[in-house]
Amino acid sequence: MRVTMTILNGTAQRPARAYTHSIPLSWNRSPEDIAADTERLIGTVTKVYDEIGRLCVDAVSVENTLRALANVKMDYAARRHALDFPQYVSPCRAVRLASAQADKRGAEHEARRLPPNRRLRLLASGRRNGLHLCGETREKIKKTSKLISELSIEFNKNLNEDNTFLLVSRQQLGRFVSGLDVDEASGVYKVTLAYPHYFPVMKRCRDPETRRKMETAFHSRCKEANTIVLERLVALRAELAALLGYGCHANYVLEVNVAKNVTNVDAFLNALQKTLEPVGARERKYMMALKKRECLTSGRCFDGRLNAWDLPYYMDQVERRKFAVDKDKLLEYFPLDAVTEGLLGIYRDLLGLRFSRVLAASVWHQDVRVYDAHDADTGEEMGRFYLDLHPREGKYGHAACFALQPGCKVAEGGRLLPAAALVANFTKPAGGLPSLLQHHEVETYFHEFGHVMHEICSKVTFSEFSGTQVETDFVEVPSQMLENWVWEKEPLRRMSRHYKDGSAIPEPLLDKLIASRVANTGLMNLRQVVLSKVDQSLHTSSTADSAAVFAKLCQDILGVPATEGLNLFFFKLISVFGHLVYSMDIYFSRFKKEGILNPKVGKEYRRIILEAGGSVDGMDMLQSFLGRAPCQDAFFQCKGLISPSNATL
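Residues numbered from 1 in each chain as written. Predicted model: local features only at pLDDT ≥ 70, side-chain atom pairs only at ≥ 80, totals over all residues. Heavy atoms only, no water.

As annotated in an unreviewed UniProt entry, the protein chain carries the name Neurolysin (metallopeptidase M3 family) and is attributed to Hippocampus comes. Recorded in UniProt under Sequence similarities (unreviewed entry), the annotation for the protein chain is "Belongs to the peptidase M3 family." (UniProt positions renumbered as here; feature names shortened; annotations may be inferred.)

Printed below as a string of structure tokens:
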């Protein structure tokens, strides 16, 4: 996942290069500073817009209008989120709240002053923002857009500030106790809903009642507040689409995406569902047999169905039993430092880059590591990135890349250096053990770092097309493609070593891990179909009972009832996963054929896909890199649904 923000460079002083520029800003602002600086920034930008607005038509030129707009947008993008990024990472609650408020003020300002556009097609952008409509309608659009932004920020703030936990006995948890706080007298453990606690419990805990409580608590976070927010957002989005002349909000969003419209999305999802349903049915049958056998041996009553809290557990059991993957043993070979070292080396060699750790950089927390990136051949300074990898109270609870500063041309010549932060929640070192990653966490790390590289490699003219600011359904393509490296032997060897003696992963264990990639293919991808169809359903109507929509689609498509009282904590629009199709096509058609670590292909990928950012249509980039239009065969081949001999790549 990537979060589109443009923010500060937070740099320590470093030698200046003639062709690069950075904007050093402090991470140590007080809540009062954040509020004052927000108003100052908005005032500066407003002044420029007002000056442009006062120009006589005869006096308008490229320099005093288009170039002036581009310059002020770049400066705004480079500075704004020094103010609103801290809401996700600051250890100080007062700073987080002040930052969230700054985000609201910025969103209000943008709705009034900075309508987005695609590739500087200003007339089309104006139409999508209602500039062709009467003053009364434009005012309604402005107010509605402002409210949508405020509610979205409120939704995220509620989740980030949630600190729910469960008290669970060792007997209920089984073997998963590493890193947990415990009351020595009672032996009760504190289990939070952060990823390093939630996923191990859901996958490893044998007690179904404990899993049920964990699943219910996780999906009930901020339930009352955020369900209201979500359903209000759906209604407001529909209202905004109607004001702008669109039949539904989905079509409004998809118009500027690769998918283009709801009809195309429905056709894609329905075809994929049809292919996956028989696979999912076989997987459910196998899991039901596992559950029945376990109930018989443990003396528990068999309820004759798979529940939502059963799925992660029995998916894990499938990998262990059907593919014989020893995950406990595998964990020992992925200490975080080894994974980071290998990951940086792979991206370095593949994309032609060089990374160096910056020890004196300004950071928001002592856990954060900072690196500079340079072109390996020319020495050109490319940008800076931050790694914030461990959980803490109030921190953003998922894994994401936050774009901090755009990589684009500047008015005085040269290039503004991009910056990005990778925020994750990997287990902290504890009990004499280093931070050890599950393989799926290695995959997440590799994916999110792909977004970082998209930001760092960006070389565009205008800030609004920098890095990951591409079509919504294309943004995951580059990172999703790069996930494939964690399923190949050579990259896995480079990212692993035993945390005790530095030994390599045994070959048989490595073979079993790679073979397990096709495990649970049907159910995992059918769940993605469910999420995409929920999005489609919510955003093609003006009202929504989000829990009811989700429950119906879970039962109809996945064949597994949704958790009762579910809170849909995802709310981003159109989570269609066409990006999976495109990403697999790139990987199998170029890298798998020509060498997964082939620097020639890697540099071509960097030039065509990463450097272009959003300045070129996603489909045009795909066709340029592939030499043809994309197709679905690679996706189905990767999932084991067709053989390589039947793929037309």
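A. Focus on the side chain of Asp473. Residue position: Asp473 is located in the loop between α16 (439–456) and α17 (477–482). Despite its burial, Asp473 remains without a salt bridge, the nearest opposite charge being carried by Lys260 at 7.8 Å. At 2.8 Å, the side chain of Asp473 forms a polar contact with the backbone nitrogen of Ala259. Filtering out sequence-adjacent residues up to four positions away, Asp473 remains in contact with Asn257, Val258, Ala259, His579 and Tyr582. (Helix = DSSP H or I, 4+ residues; strand = E, 2+ residues; numbered from the N terminus. Buried < 20%, exposed > 50% of the residue type's maximum accessible area, 1.4 Å probe, protein only. Lys, Arg positive; Asp, Glu negative; His and termini not counted. Salt bridge = Lys/Arg side-chain N within 4 Å of Asp/Glu carboxyl O. Polar contact = N/O pair within 3.5 Å; in protein donor to acceptor, adjacent residues only side chain to side chain. Contact = heavy atoms within 4.5 Å.)

B. Spotlight on helix α21 (residues 546–558). The end-to-end C-alpha distance of α21 is 17 Å, a good match for the 18 Å that 13 residues give at a rise of 1.5 Å each. Buried positions along α21 lie against α10 (223–243), α12 (262–298), α13 (311–321) and α20 (521–538). One or two positions beyond α21, positive phi appears at Gly559, with a value near 75°. (Expected span 1.5 Å × (residues − 1).)

C. Representation of the domain arrangement of the protein chain. Under the domain assignment used here, the protein chain contains domain 1 (20–113), domain 2 (123–162 + 221–245), domain 3 (164–204), domain 4 (256–333 + 497–568) and domain 5 (334–496 + 576–639). Using only C-alpha atoms to locate each centre, domain 3 and domain 5 end up separated by 33 Å. Taken together, the contact pairs five residues of domain 3 with 10 residues of domain 5. For the pair domain 3 and domain 5, the two sides together bury roughly 590 Å², of which 62% comes from carbon and sulfur. Where domain 3 touches domain 5, the interface holds zero salt bridges. Viewed at the interface, domain 5 and domain 3 are joined by one residue pair in polar contact (both at pLDDT 80 or more). Looking at the side of domain 3 that touches domain 5 residue by residue, the classes come out as two nonpolar, two polar and one charged. (Domains from an automatic or database assignment. Buried area = accessible area lost by both parts, 1.4 Å probe. Nonpolar A, V, L, I, M, F, W, Y, C, P; charged D, E, K, R; others polar.)

D. Layout of helix α23 (residues 599–610). Residues of α23 that are buried: Val601, Gly602, Glu604, Tyr605, Arg606, Ile608, Ile609 and Leu610. Put simply, Asn598 is the residue that caps the front of α23, since its side-chain oxygen is 2.8 Å from the backbone nitrogen of Lys600.

E. Seen up close, the packing of aromatic side chains. This structure, assessed with the given rule, holds 29 aromatic pairs. Summarising the aromatic geometry, the rings of Tyr88 and Tyr396 are spaced 5.8 Å apart at their centres and angled 75° between planes, so their arrangement reads as edge-to-face. A residue pair is termed long-range when its members are at least 10 positions apart, and Tyr88 in helix α3 (residues 86–89) and Tyr396 in the loop between β8 (381–388) and β9 (400–405) qualify at 308 residues. The exposure class of Tyr88 is buried, given its relative accessible area of 7%. On the basis of an interplanar angle of 65° and a centroid distance of 4.9 Å, the ring pair of Tyr347 and Phe449 is categorised as edge-to-face. Of the two residues, Tyr347 sits in helix α15 (residues 336–351) while Phe449 sits in helix α16, which places them 102 residues apart along the sequence. Residue Tyr347 is classed as buried on the basis of its relative accessible area, which comes to 1%. What links up through ring pairs into an aromatic cluster is the set Trp27, Phe85, Tyr88, Trp364, Tyr386, Tyr396 and Phe402. Stacked on the ring of Phe165, the Lys or Arg Lys190 has its end atom at 4.6 Å from the ring centre. Taking NZ or CZ as reference, Arg590 lies 4.6 Å from the ring centre of Phe625, over its face. (Phe/Tyr/Trp six-rings, centres within 6.5 Å; stacked < 30°, edge-to-face > 60°. Lys NZ or Arg CZ within 6 Å of the ring centre and 35° of its normal.)

F. Up close: the nonpolar core. One finds Phe385, Tyr445, Phe449, Met453, Trp485 and Phe591 to be the most contacted residues of the largest nonpolar core, which totals 110 residues. Split by domain, the residues of this core number at least three in each of domain 4 (256–333 + 497–568) and domain 5 (334–496 + 576–639). Not counting residues up to four positions away in its chain, the partners in contact with Met453 are Tyr347, Leu351, Leu353, Phe355, Phe385 and Leu610. Within the second largest apolar cluster, 17 residues are counted, among which are Phe85, Ala361, Trp364 and Ala419. (Core = buried A, V, L, I, M, F, W, Y, C linked by side-chain atoms within 4.5 Å.)

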